[in-house]
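In case you want the letters, here they are:
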Amino acid sequence: DLSHNIILYLEDISVSFDGFKALNNLNLYIEAGELRCIIGPNGAGKTTMMDVITGKTRPDVGSAWFGQTVDLLTLSEPEIAAAGIGRKFQKPTVFPNHSVFENLELAMAGDKSVWKTLIAKLSGEQLGRIDEVLKIIGLTERVEALAGGLSHGQKQWLEIGMLLMQDPELLLVDEPVAGMTPQETEKTAELLTSLAGKHSVVVVEHDMAFVRSIARTVTVLHQGSVLAEGSMDQVQNDPKVIEVYLGD
Ligand code: ADP
C-alpha cells in the first residue's frame with residue numbers, strides 16, 4: 001500500500017484572509033525520503049502552505065496529517081516541531097556571537113537556557129552527533145568560528161545543521177539559495193540532496209536552475225492550489241504553467 005510511504009498529507013486545505021483565499025482546496029502529498037520543490041508566482045500561497053504545516057496558520061477547512069497518526073491541526077507550533085517537522089526561514093537566524101559548535105549545541109538543547117546549555121557537559125553521543133552534523137553541513141573546519149563571521153552560505157548551512165540537531169523527519173526550507181554565490185548554490189544542492197532519503201525535504205525556491213538541479217518532483221502552486229505537478233520538464237512544458245509565469 002503506497003499510502004504508507006506518505007509522510008505529509010494536506011487535503012482540501014483552504015485558508016482565507018478577509019475573504020481572500022490564500023489557499024483554495026490545496027492537496028499535497030509528500031513521500032517519506034522525498035526531496036520536493038514547490039514553485040509558483042508571488043502570492044501563490046507557498047508561505048501560507050508552510051504556515052499551515054507548522055501550525056502557524058490554521059486552515060478554515062481541510063486536513064493535515066504527518067505520517068499516519070499525527071493530526072497537525074490538533075497540535076500547537078512547538079508540538080509540531082517536537083513531532084519532527086523542522087522549518088528553515090529564508091533569513092538565517094544563527095546566534096552571531098557564539099561559535100559554530102555552540103550554535104549546534106544550543107540547537108540540540110532546544111529552548112533550554114543558553115547559559116545552562118553552554119556549561120553542561122556533553123555526552124559522547126551528543127558530541128558524536130555534533131561531529132556528524134558538522135560533516136553533513138561541511139563546517140568541520142569552522143567549528144570554532146563565530147557564526148556572525150561566517151559567509152552568507154555558511155550561515156545558511158549552519159542553520160540547516162541546527163535543524164538537523166533535532167533530527168526532524170520532515171524539513172521545510174524556504175528559499176535556501178537566495179543571495180548565494182553560484183558555488184554556494186551548488187554546495188546547497190549537494191547538501192539538500194544528501195539529506196533526502198533519511199529525511200523528507202520540502203523546498204520553496206524561485207531559482208529554477210537550482211530547482212532543476214535538485215528536484216525529482218516539482219509542485220507548481222497558483223492561486224492557492226496545485227496547478228501542475230511532475231518532473232521539471234513536465235511542469236515547464238505545461239501550457240497552464242507557461243501562461244501563469246508569462247502573465248506574472
Ligand atoms: P507566496 O508565499 O506564494 O508568495 P503567500 O502564501 O505569502 O504566497 O500569500 C498568498 C496570498 O495570501 C497573497 O495574496 C498574500 O497577500 C495573502 N496573505 C498572506 N498572508 C496574509 C495575511 N496574514 N493577511 C492577509 N493576507 C495574507
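Within each chain, residues carry numbers counting from 1 in the order of the written sequence. Where totals are concerned, whole chains, interfaces and linings use all residues; where local detail is concerned, this predicted model gives features only for residues with pLDDT of at least 70, and gives and counts side-chain atom pairs only at 80 or more.

An unreviewed UniProt entry annotates the chain as Urea ABC transporter, ATP-binding protein UrtD of Hydrocarboniphaga effusa AP103.

Asks: For the sheet that holds strand β9 (residues 217–222), give the residues involved together with the corresponding values.
Replies: Whether parallel or antiparallel, the strands of a sheet pair through hydrogen bonds between backbone atoms. Strand order in the open sheet formed by six strands is β6-β7-β8-β3-β9-β10, with mixed pairing between adjacent strands. Edge positions in the sheet fall to β6 (85–88) and β10 (225–230), since each of these pairs with one other strand and no more. Taken pair by pair, the neighbouring strands of this sheet meet at an average axis angle of 20 degrees, ignoring direction. At least two bridges found by DSSP between two strands are what make those strands a pair. Numbering of helices and strands runs from the N terminus, with a helix taken as a DSSP run of H or I at least four residues long and a strand as a DSSP run of E at least two residues long. Bridge count between strand β7 (residues 170–174) and strand β8 (residues 200–204): five bridges; the pairing is parallel. Across the sheet, Val-173 pairs through a bridge with Val-203, a residue of β8. Residue pairs are scored as contacts if the distance between their C-beta atoms, which are placed from the backbone, is within 7 Å. Convention adopted: a line fitted to C-alpha atoms gives each axis, helices being fitted over their contacting stretch, and angles between N-to-C directions are expressed from 0 to 180 degrees. Seen against the sheet, helix α1 (residues 46–53) touches β3 (35–39), β6, β7, β8 and β9 and runs at an angle of roughly 150 degrees to β7.

Asks: Describe unusual backbone geometry, with residues and values.
Replies: Residues other than glycine seldom take positive phi values, yet Asp-18 does so here, at roughly 50 degrees. Structurally, Asp-18 can be placed in the loop between β1 (6–17) and β2 (20–31). Even without being a glycine, Gln-223 presents a positive backbone phi close to 50 degrees. Examined against the element boundaries, Gln-223 turns out to sit in the loop between β9 and β10. The exposure class of Gln-223 is partly exposed, given the 15 C-beta atoms found within 10 Å. Note on burial: count the other C-beta atoms lying within 10 Å of the residue's C-beta; 20 or more is buried, 12 or fewer is exposed, in between is partly exposed, and C-beta positions come from the backbone.

Asks: Outline the environment of Gly-128, listing residues and values.
Replies: Looking at where Gly-128 falls in the secondary structure, it is placed in helix α5 (residues 124–137). A tally of 11 C-beta atoms within 10 Å means that Gly-128 is categorised as exposed. Spatially, the C-alpha atom of Gly-128 lies 47 Å from that of Asp-238, the residues being 110 residues apart in sequence.

Asks: Can you lay out the sheet that holds β2 for me, pointing to particular residues and giving the numbers?
Replies: If you walk across this open sheet you meet the four strands as β2-β1-β4-β5, and the pairing is antiparallel. The open sheet has two edge strands, β2 and β5 (70–71), and neither has a second partner. Sheet topology note: the β1/β2 ladder contains eight bridges and is antiparallel. Bridging across to β2, Val-15 finds its partner in Leu-23.

Asks: Before we move on, could you go through the site of the ligand and cite the residues and values that matter?
Replies: Every residue lining the ligand is accounted for by Phe-17, Ala-22, Gly-40, Asn-42, Gly-43, Ala-44, Gly-45, Lys-46, Thr-47 and Thr-48. The greatest single-element share of the shell around the ligand, amounting to three residues, is contributed by α1. We call Asp, Glu, Lys and Arg charged. Ala, Val, Leu, Ile, Met, Phe, Trp, Tyr, Cys and Pro are nonpolar, and the rest, Gly among them, are polar. Per-class residue counts for the shell around the ligand are three nonpolar, six polar and one charged. To decide whether a residue is near a molecule or strand, its C-beta atom is placed from the backbone and checked for lying within 6 Å of it.

Asks: Let's hear about α1: which residues, and what values?
Replies: Burial within α1 is extensive, with six of its eight residues counted as buried. Among the residues of α1, those classed as buried are Lys-46, Thr-48, Met-49, Asp-51, Val-52 and Ile-53.

Asks: So what's going on with helix α3 (residues 100–109)? Which residues, and what values?
Replies: When α3 is considered as a whole, its buried residues turn out to be Val-100, Asn-103, Leu-104, Glu-105, Leu-106 and Ala-107. As for α3, its buried residues are in contact with α4 (114–119), α5 and α6 (152–164). Gly-110 sits one or two positions beyond α3 and adopts a positive phi of about 70 degrees.

Asks: Let's hear about the packing of α3 against α5: which residues, and what values?
Replies: Two quantities define a packed helix pair, namely the angle between the axes and the distance from one axis to the other. Interaxial distance between α3 and α5 falls to 10 Å at its minimum, and their mutual angle equals 120 degrees. By the angle class used here, α3 and α5 are oblique. The element α3 and its partner α5 pack so that their crossing is right-handed. Across the interface between the two elements, Phe-101, Leu-104, Glu-105 and Met-108 of α3 pack against Gln-126, Arg-129, Ile-130 and Val-133 of α5. Looking at the contact of α3 with α5, its residues break down into five nonpolar, one polar and two charged. For classification purposes, an angle smaller than 35 degrees is called roughly parallel, one larger than 145 roughly antiparallel, one from 65 to 115 roughly perpendicular, and anything else oblique. A clockwise turn of the near helix away from the far one marks a right-handed crossing, whereas an anticlockwise turn of less than a right angle marks a left-handed crossing.

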